[in-house]
Amino acid sequence: QVQLVESGGGLVQPGGSLRLSCAASGNIVSINAMGWYRQAPGKERELVATIISGGRLNNADSVKGRFTVSRDNAKNTVYLQMNSLKPEDTAVYYCNAVIRTLTGLYNYWGQGTQVTVSS
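Below is a short write-up of the structure. (Residues numbered from 1 in each chain as written. Predicted model: local features only at pLDDT ≥ 70, side-chain atom pairs only at ≥ 80, totals over all residues. Heavy atoms only, no water.)

## What to know about unusual backbone geometry
Here comes step 1: Even without glycine at this site, N76 takes up a positive phi of about 50°.
Here comes step 2: Locating N76 in the fold gives a position in the loop between β7 (67-72) and β8 (77-82).
Here comes step 3: For N76, a relative accessible area of 25% gives the class partly exposed.
Here comes step 4: Even without being a glycine, S84 presents a positive backbone phi close to 50°.
Here comes step 5: Relative to the assigned elements, S84 resides in the loop between β8 and β9 (91-101). (Helix = DSSP H or I, 4+ residues; strand = E, 2+ residues; numbered from the N terminus. Buried < 20%, exposed > 50% of the residue type's maximum accessible area, 1.4 Å probe, protein only.)

If you want it as structure tokens, here you go:
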């Protein structure tokens, strides 16, 4: 079994910053990719930013220059530093990881953490 545990969401004013964390634990052989998606009310879940094996980054155009994804391989943890937050960044943010276990390669999701940007 593999678990993803997220932390760091909350309420912030426009222009503010938040840092999300997501730690993976369990029967992990290797992690192919880790990152973040988000889902706003009434909208589909969308990619925010991911790190693929080898360090390649994949970021949504809407967050480039404001959000930074990083990973601590020793801790199996991915972070999302969010700066210059806008009201349109309000959403539930989900951690995602593609993890190889002893039985195969699987896609995992965290439980989600709410980020609200409002004055």
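## Remarks on the packing of aromatic side chains
Here comes step 1: Evaluated as defined, the whole model comprises 2 aromatic pairs.
Here comes step 2: A centroid spacing of 5.1 Å and a plane angle of 70° characterise the contact between Y37 and W109, whose relative ring orientation is edge-to-face. Pair noted here: Y37 is in strand β4 (residues 30-39) and W109 is in strand β10 (residues 104-109), with a separation of 72 residues, a long-range link.
Here comes step 3: Across the ring face of Y94, the terminal group of R45 is positioned such that the distance to the ring centre comes to 3.7 Å.
Here comes step 4: One residue, R45, lies across the ring of W109, its end atom 4.6 Å from the ring centre. (Phe/Tyr/Trp six-rings, centres within 6.5 Å; stacked < 30°, edge-to-face > 60°. Lys NZ or Arg CZ within 6 Å of the ring centre and 35° of its normal.)

## Things to note about the state of the cysteines
Here comes step 1: The tally for this structure, following the rule as stated, stands at 1 disulfide.
Here comes step 2: Paired through a disulfide, C22 and C95 show a sulfur-sulfur distance of 2.0 Å. Measuring handedness by torsion sign, the sulfur bridge of C22 and C95 sits at about -80° and is left-handed. Residue C22 is found in strand β3 (residues 18-26), and its partner C95 is found in strand β9; the two are separated by 73 residues along the sequence. C95 carries the same exposure label as C22, and that label is buried. (Disulfide = S-S within 2.5 Å.)

## Remarks on the pairing of β7
Look at any regular strand and the pattern is simple: side chains alternate between the two faces of the sheet.
Here comes step 1: The pairing of β7 with β8 spans 6 bridges and is antiparallel. Each bridged residue has a counterpart across the sheet, and for S70 the counterpart in β8 is Y79. (Pairing = 2+ DSSP bridges.)

## Quick notes on the environment of G65
Here comes step 1: In this fold, G65 is placed in the loop between β6 (56-59) and β7.
Here comes step 2: Of the residues examined, G65 reaches a relative accessible area of 85% and is grouped as exposed.
Here comes step 3: Once the C-alpha coordinates of G65 and S84 are considered, the two residues, 19 residues apart in sequence, prove to be 9.2 Å apart.

## A short note on the side chain of T113
Here comes step 1: Along the polypeptide, T113 turns up in strand β11 (residues 113-117).
Here comes step 2: A distance of 3.4 Å separates a polar side-chain atom of T113 from the backbone nitrogen of G9.
Here comes step 3: Excluding anything up to four places from it in sequence, T113 contacts E6, G9, L20, A91, V92 and Y93. (Polar contact = N/O pair within 3.5 Å; in protein donor to acceptor, adjacent residues only side chain to side chain. Contact = heavy atoms within 4.5 Å.)

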